[in-house]
Amino acid sequence: MTQDPFVAHRSLLFTVAYEMLGSAADAEDVLQESWLRWAGVDQSQVRDPRSYLIRLVTRQALNRLRTLSRRREDYVGEWLPEPLLTSPDVAEDVELAENVSIAMLTVLETLGPTERAVFVLREVFEMPYGEIAEVIGKSAATVRQVARRAREHVAARRPRVQVSRSEQQAVVERFLCALRTGQLQELMEVMAPDVVLVTDGGGVVAAALAPIHGVDLVAPILARASRLVAAFDTTPVWLNGEPAGRIEIDGEPSAVSLVVEDGRVTRIYVVRNPRKLTQLDEPTELAR
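This paragraph deals with the overall build of the protein. Helix and strand content of the protein: twelve helices and six strands. Taking 19 Å as the expected radius of gyration for a compact globule of 288 residues, we find that the protein reaches 20 Å, a close match to that expectation. With the principal axes as the frame, the protein shows a C-alpha extent of 65 × 40 × 40 Å. When the 288 residues of the protein are sorted by exposure, 49% land in the buried category. Considering the protein, the positive charge centre built from 33 side chains and the negative charge centre built from 41 side chains are found 6 Å apart.

Written out as structure tokens, the structure reads:
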């Protein structure tokens, strides 16, 4: 029996929706809506199921993104993407790993819904301009202009220095060790002077409501963390295709993702909102 194209491409379709939305829960909802629409299609008339399904999922994700954009304006504190536990294999596709990283998804949040859709479809999934035009309801010429603006916007905000996975892993493990043991001097040495700490508690758990800038402020806050609770532990894991960390604070998980440049941590993203930590026990399959 031939496998249904939707099932065959499910990991790809989830990845499209997740990159559009930054939320696994919303991506799953989009896939459910798309499945119902796909079930009503005369599939014998679909020449390229993969492209058709990507377009279908993108339209549904775009509709949801426009609604979510309004909701996120009322979010308590900083909004960060939902972290996904992934296998180290995801990192072998360097471009995919870079584009699903927490740092990149945070940059994509600064794009409008249309710009984000165009960027994801063109830069990540290499969809032709004509097909993207069908999805968003604009001309191919307009899509080219939107793609150029989105590329420039992302390029101005993404990390400028690319590091090897081995270097990233070494710095992450050094950071997690210093965090676990509360070593102030070691934390100051592993972080850049202009490091930025961003925490997402969603108004549910304690977290800074705005980014904290500078190693002189960030290091003491992190050094005190392990001393303020009865049980504090850190574990290296792979999140969104990159070396990262899982923190257990009195048995409650948090996820930490780092941006590393020139051997030091320049940005720290900590997700504490429990509603965003449901994907930390089983690896999520991502594909493109």
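So much for the structure itself; the text now carries on.
Further remarks concern the sheet that holds strand β1 (residues 191–200). In space, the six strands of this open sheet follow the order β2-β1-β6-β5-β4-β3, with mixed pairing throughout. Each having just a single partner strand, β2 (212–213) and β3 (232–239) make up the two edges of the open sheet. Of the strand pairs in this sheet, β1 and strand β6 (residues 264–271) are connected by six bridges, and their pairing is parallel. Paired with Leu-197 across the two strands is Ile-268, which belongs to β6. Where helix α10 (residues 165–181) meets the sheet, its contacts fall on β1, β3, β4 (242–249), β5 (252–261) and β6, and the angle it forms with β3 comes to roughly 165 degrees. Contacts between helix α12 (residues 215–225) and the sheet are confined to β1, β2, β3 and β6, with β1 contributing the most and set at about 55 degrees to the helix.

Our next topic: the packing of aromatic side chains. Aromatic rings considered in pairs are described by the distance between their centres and by the relative angle of their planes. Under the criterion given, the structure shown has three aromatic pairs. Taking 6.0 Å as the distance between ring centres and 5 degrees as the angle between the ring planes, the aromatic pair formed by Phe-14 and Tyr-18 counts as stacked. A residue pair is termed a helical-turn pair when its members lie 3 or 4 positions apart in one helix, as Phe-14 and Tyr-18 do in helix α2 (residues 10–21) at four residues. Taking 5.7 Å as the distance between ring centres and 50 degrees as the angle between the ring planes, the aromatic pair formed by Trp-38 and Tyr-52 counts as tilted. Of this pair, Trp-38 sits in helix α3 (residues 24–39) while Tyr-52 sits in helix α4 (residues 49–72), and the two are 14 residues apart along the sequence. By relative accessible area, Trp-38 is classed as buried at 1%. The class of Tyr-52 is partly exposed, set by a relative accessible area of 27%.

A grouping of Val-7, Trp-35 and Leu-36 is seen on the molecular surface, where their side chains present a nonpolar patch of about 280 Å² in accessible area. The topology assignment puts Leu-36 in helix α3.

Quantified by volume, the largest pocket comes out at close to 590 Å³. Every residue lining the largest pocket is counted, 29 residues in all, and those nearest its centre are Thr-106, Val-107, Thr-110, Arg-267 and Tyr-269. If you tally residues by element for the lining of the largest pocket, the top one is helix α6 (residues 102–108), at four residues. Here the lining of the largest pocket is built from residues that sort into 14 nonpolar, five polar and ten charged. The computed volume of the second largest pocket comes to approximately 430 Å³. If you go around the second largest pocket, you meet 21 residues; those closest to its centre are Thr-199, Ile-221, Leu-222, Ala-225 and Arg-272. Breaking the lining of the second largest pocket down by element, the ones donating at least two residues are α10, β1, α12, β4 and β6. Residues belonging to the lining of the second largest pocket are distributed by class as follows: 18 nonpolar, one polar and two charged.

Further remarks concern the packing of helix α7 (residues 113–124) against helix α8 (residues 129–136). The contact between α7 and α8 brings their axes to 10 Å, and the two run at 150 degrees. Crossing hand, α7 versus α8: right-handed. Packed against α7, whose contacting residues are Thr-114, Ala-117, Val-118, Leu-121 and Arg-122, the element α8 presents Tyr-129, Ile-132, Val-135 and Ile-136 at the interface. Taken together, the residues of the contact of α7 with α8 sort by class into seven nonpolar, one polar and one charged.

For the rest of this paragraph, the subject is the pattern of salt bridges. Any two side chains of opposite charge can pair if their charged atoms end up close together. Under the definition given, this model contains 18 salt bridges. Between Arg-174 and Glu-186 there is a salt bridge, with its nearest N and O atoms 2.5 Å apart. Of this pair, Arg-174 sits in helix α10 while Glu-186 sits in helix α11 (residues 184–190), placing them twelve residues apart in sequence. Residues joined in a network through salt bridges with shared partners are Asp-26, Asp-29, Glu-33 and Arg-64.

Another aspect to go through is the nonpolar core. Formed by 51 residues in total, the largest nonpolar core has its most connected members in Phe-14, Met-20 and Leu-108. For this core, the secondary-structure elements that each account for two or more residues are α2, α3, α4, α5 (94–100), α6, α7, α8 and α9 (140–157). Discounting chain neighbours no more than four positions away, the residues touching Met-20 are Thr-58, Ala-61, Leu-62, Leu-65, Arg-116, Ala-117 and Val-120. By size, the runner-up hydrophobic cluster in this structure holds 27 residues, among which are Val-163, Phe-175, Val-218 and Ala-219.

What counts, and at which threshold
- Within every chain, residues take consecutive numbers counted from 1 along the sequence as written.
- Given that the model is predicted, a residue must reach a pLDDT of at least 70 before its local features are reported, and side-chain atom pairs must reach 80 or more before they are shown or counted; all residues, however, enter totals for whole chains, interfaces and linings.
- The basis for every side-chain value is the complete set of heavy atoms in the structure, and neither hydrogens nor water enter the calculation.
- Only runs of H or I of at least four residues qualify as helices and only runs of E of at least two qualify as strands under DSSP, and these elements are numbered from the N terminus.
- The atom set for the radius of gyration is the C-alpha atoms, and the globule formula is 2.2 Å times the number of residues raised to the power 0.38.
- Partly exposed residues are those whose accessible area sits between 20% and 50% of the maximum for their type, while under 20% is buried and over 50% is exposed, using a 1.4 Å probe and protein chains only.
- Here the positive residues are Lys and Arg and the negative ones are Asp and Glu; neither His nor the chain ends is included.
- Every charge is mapped onto a representative atom, which is NZ of Lys, CZ of Arg, CG of Asp or CD of Glu.
- Two strands pair if DSSP finds at least two bridges between them.
- Residue contacts are defined here by distance: any two heavy atoms, one from each residue, within 4.5 Å place the two residues in contact.
- Simply put, an axis is a line fit to the C-alpha atoms, just over the touching stretch for a helix, and the angle between two N-to-C directions goes from 0 to 180 degrees.
- In this scheme Phe, Tyr and Trp rings, the latter by its six-membered ring, pair at centre separations within 6.5 Å, and the angle between planes marks the pair as stacked below 30 degrees, edge-to-face above 60, and tilted otherwise.
- Patch rule: a residue counts if its relative accessible area is over 30% and it has no salt bridge; like charges are joined within 9 Å, and nonpolar side chains (Val, Leu, Ile, Met, Phe, Trp, Tyr) within 5 Å.
- Computed by Shrake-Rupley with a 1.4 Å probe, the accessible areas treat only the displayed protein chains as cover when residues are assessed.
- Salt bridges are defined as contacts in which a side-chain nitrogen from Lys or Arg sits within 4 Å of a carboxyl oxygen from Asp or Glu.
- Residues are called lining when one of their atoms sits within 4 Å of a cavity or pocket point, these points coming from a 1 Å grid over the protein atoms alone, where a cavity is a set in which a 1.4 Å probe fits but cannot get out and a pocket is an open set with protein on both sides within 12 Å along at least five of seven lines.
- Grid points are joined across faces, edges and corners, and a volume is the space filled by probe spheres set on the points.
- When residues are sorted by character, Ala, Val, Leu, Ile, Met, Phe, Trp, Tyr, Cys and Pro go into the nonpolar class, Asp, Glu, Lys and Arg into the charged class, and all the rest, Gly among them, into the polar class.
- Note on convention: near helix rotated counterclockwise from far helix by under a right angle means a left-handed crossing. Clockwise means right-handed.
- We define the nonpolar core as a collection of buried residues of types Ala, Val, Leu, Ile, Met, Phe, Trp, Tyr and Cys that are connected through side-chain atoms lying within 4.5 Å of one another.

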